[in-house]
Amino acid sequence: MSLDLLPRAHAAASRVAIAGALLREAAGRLALAPVESGEVTAFDGLLLTVEGLVAGPGVLLEADAEPGPVAAEVIGFRRDSLLAMALARGSIRPGARARLVGRADLVPTGPELLGRVVDAMGRPVDGGGGIRCATAMPLDGRALPPLDRAEVREPVETGVRAIDALLTLGRGQRIGLIAGSGVGKSTLMLDLVRGTRADVTVVALIGERGREISGFVEALGAREGCHLIAVPADEAAPLRVRGARRALAVAEGFRAAGAHVLLVMDSLTRVAHAQREVGLAAGEPAGPRGYPASALALLPRLIERAGCDRRSAGAITAVFTVLADGDDVIADPVVDTARGVLDGHIVLSRALAARGRLPAIDTAASVSRTMPACVTPAHRAAASAFQRDAALVEANRDLLAMGAYVPGQDAALDRAMARAEAIERFLVQPPGCPEPFAATVERLLATWGEPAAGARSERAAA
């Protein structure tokens, strides 16, 4: 080789060496962060079986499908295969590739959410722009130690006369609204959202009809301080469960900042239905009425996340609606499980609704366990006197209708029958017409306060 060719040969060798080094560096990066993918070996309804991936429950996947990729959430595994439920519908073919997307365990929280409507994944569905929040909470929340929970001692004004007078709610209470279908549950829930005084309101519509969701949003209007999470009935079961968990996480974020949050979730039963789908798809054995253990165990985990926080001085007052299948408020497993964890329940009666008494609150079957600590002794005594009179009137309604009631035989029954019309007027309240808490208590004491005190004086003298 001539001397004039040596520099060019050295330059070419240097370029080859540099290129080789770059390729080795790129190969090293790829080896450190490979694209993890597996193969879809089975697809049954919304359940996918994926081989070649290692992940735990809650991890999100993306599977090739037509017309576009389908998201799925891992719900379990069998040996070396992952079980995932699709979060949307799509045409998945045998041998389709599935890739790990990551987890979605953090929920953005903050004032930027107020006035907005989002889906189970936090994506806006109200036509507005993206939402950027400075803080976030875990999807399953942070456990609140029992000794960090403050007592429920402060009454909460709802504007609903029957609730404020006879079933007074407390700041940080968890109450269940138990009803069958078509008894006025949604109307009462809307009145509670409008009339309850709270710093922030979080509404979760889980498993509702799309028309009902749009109607609720329209009726609520642009209410300041309100955040709504909408997951319609046609969404996949994991999304319905995730929507409930997201609502609690958002409420916990505001509570941690010291705010009083009103959380309304409609409905706890449909969340249990969604978890039943997930549990049965994962192979859990069915329990009462087809509910696997995970479906009923989910309810106390959700309910216990509400309440008062002693450290931040914030509170979550929660109203969970519970659908009673066939109006069965005794043997329904979801109703029974929820009632055992809640701080009280409000039962709506189909018979009262048919009679034209709206809201159709069955005060005799309802209870607020925190009311005694939140009201004055005079208020509590008047509410007890009202309940006694209402129970006597209801128990003897058939006698009155048949003309078999003869005045003068029972002084307590005579007094209750004389107040029958006043009881009915007190319990009937048109929708959208809230009444101040002080006015409600004053009306209750005006009729039932003094007689209760008089009765106590007569018993003391006897």
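Within any chain, residue numbers begin from 1 and follow the written order of that chain's sequence. Restriction of local features to residues with pLDDT of at least 70 applies here, the model being predicted, together with a cutoff of 80 or more for giving and counting side-chain atom pairs; totals for whole chains, interfaces and linings are based on all residues. For the side-chain quantities, the full set of heavy atoms in the structure was used; hydrogens and water were omitted.

Describing the overall build of the protein chain
Link 1 in the chain: Secondary structure elements follow DSSP: runs of H or I of four or more residues count as helices, runs of E of two or more count as strands, with numbering from the N terminus. Counting its secondary structure elements, the protein chain contains 15 helices and 19 strands.
Link 2 in the chain: Within the protein chain, the proportion of its 462 residues that are buried is 48%.
Link 3 in the chain: Excluding contacts between residues fewer than 6 apart, the proportion of contacts in the protein chain whose partners are at least 24 apart in sequence is 70%.
Link 4 in the chain: Accessible surface for the protein chain amounts to roughly 22,200 Å². Of this, 57% is attributable to carbon and sulfur atoms. Burial classes follow relative accessibility: with a 1.4 Å probe on protein chains only, a residue under 20% of its type's maximum area counts as buried, one over 50% as exposed, and anything between as partly exposed. Should any heavy atoms of two residues lie within 4.5 Å, those residues are counted as being in contact. Each accessible area is a Shrake-Rupley result for a 1.4 Å probe, and residues are judged covered by the shown protein chains and nothing else.

Some thoughts on the packing of helix α11 (residues 377-395) against helix α14 (residues 420-427)
Link 1 in the chain: Working convention: axes come from line fits to C-alpha atoms, limited for helices to the stretch in contact. Angles between N-to-C directions cover 0 to 180 degrees. Put simply, α11 and α14 touch, their axes get as near as 10 Å, and they point 110° apart. Viewed along their axes, α11 and α14 adopt a mutual orientation that is roughly perpendicular. The two elements α11 and α14 cross, and the hand of that crossing is left-handed. Seen from α11, the contacting residues are Phe 386, Asp 389, Ala 390 and Val 393; seen from α14, they are Ala 420, Ile 423, Phe 426 and Leu 427.
Link 2 in the chain: When residues are sorted by character, Ala, Val, Leu, Ile, Met, Phe, Trp, Tyr, Cys and Pro go into the nonpolar class, Asp, Glu, Lys and Arg into the charged class, and all the rest, Gly among them, into the polar class. Class assignment of the residues belonging to the contact of α11 with α14 gives a composition of seven nonpolar, no polar and one charged. Just so you know how the angles are binned, under 35 degrees is roughly parallel, over 145 roughly antiparallel, 65 to 115 roughly perpendicular, and the rest oblique. Whether a crossing is left-handed or right-handed is set by the direction in which the near helix is turned from the far one by less than a right angle, anticlockwise for left-handed and clockwise for right-handed.

Points about the state of the cysteines
Link 1 in the chain: Criterion for a disulfide: a pair of cysteine sulfur atoms at a distance within 2.5 Å. Taken as a whole, this structure holds zero disulfides when the rule is applied.
Link 2 in the chain: Residue Cys 308 stays outside any disulfide, its sulfur separated by 9.0 Å from that of Cys 374, the closest cysteine.

A word on the side chain of Asp 343
Link 1 in the chain: Within the secondary structure, Asp 343 sits in the loop between α8 (333-341) and β18 (344-347).
Link 2 in the chain: For Asp 343, a relative accessible area of 18% translates into the label buried.
Link 3 in the chain: Polar contact is the term for a pair of N or O atoms within 3.5 Å; when the atoms are in protein, one must be able to donate a hydrogen and the other to accept it, and sequence-neighboring residues count only if both atoms are side-chain atoms. Here Arg 174 takes part through its side chain, which lies 2.6 Å from a polar atom of the side chain of Asp 343.
Link 4 in the chain: Leave out the neighbours within four places in its chain, and Asp 343 touches Gly 172, Gln 173, Arg 174, Ile 175, Ser 368, Arg 369 and Thr 370.

Focus on the packing of helix α7 (residues 293-303) against α8
Link 1 in the chain: It is the contact of α7 with α8, at a shortest axis distance of 10 Å, that shows an interaxial angle of 30°. As far as their axial angle goes, α8 and α7 are roughly parallel. With respect to the hand of their crossing, α7 and α8 are arranged in right-handed fashion. Of α8, the residues touching α7 (which contributes Leu 296, Leu 299, Pro 300 and Ile 303) are Pro 333, Val 334, Thr 337, Ala 338 and Val 341.
Link 2 in the chain: Of the residues in the contact of α7 with α8, the class split is eight nonpolar, one polar and no charged.

Digging into the layout of surface pockets
Link 1 in the chain: Counted as a void, the largest pocket has a volume near 460 Å³.
Link 2 in the chain: Think of a 1 Å grid over the protein atoms and nothing else: a 1.4 Å probe that fits but is trapped marks a cavity, an open set flanked by protein within 12 Å on at least five of seven lines marks a pocket, and residues with an atom within 4 Å of a point count as lining. Together, 23 residues line the largest pocket, and Glu 73, Val 241, Arg 245, Gln 275 and Arg 301 are the ones closest to its centre.
Link 3 in the chain: The set of elements that each furnish at least two residues to the lining of the largest pocket consists of β4 (70-78), α5 (237-256), α6 (268-281) and α7.
Link 4 in the chain: Grouping the amino acids of the lining of the largest pocket by side-chain chemistry returns 10 nonpolar, four polar and nine charged. Grid points are joined across faces, edges and corners, and a volume is the space filled by probe spheres set on the points.

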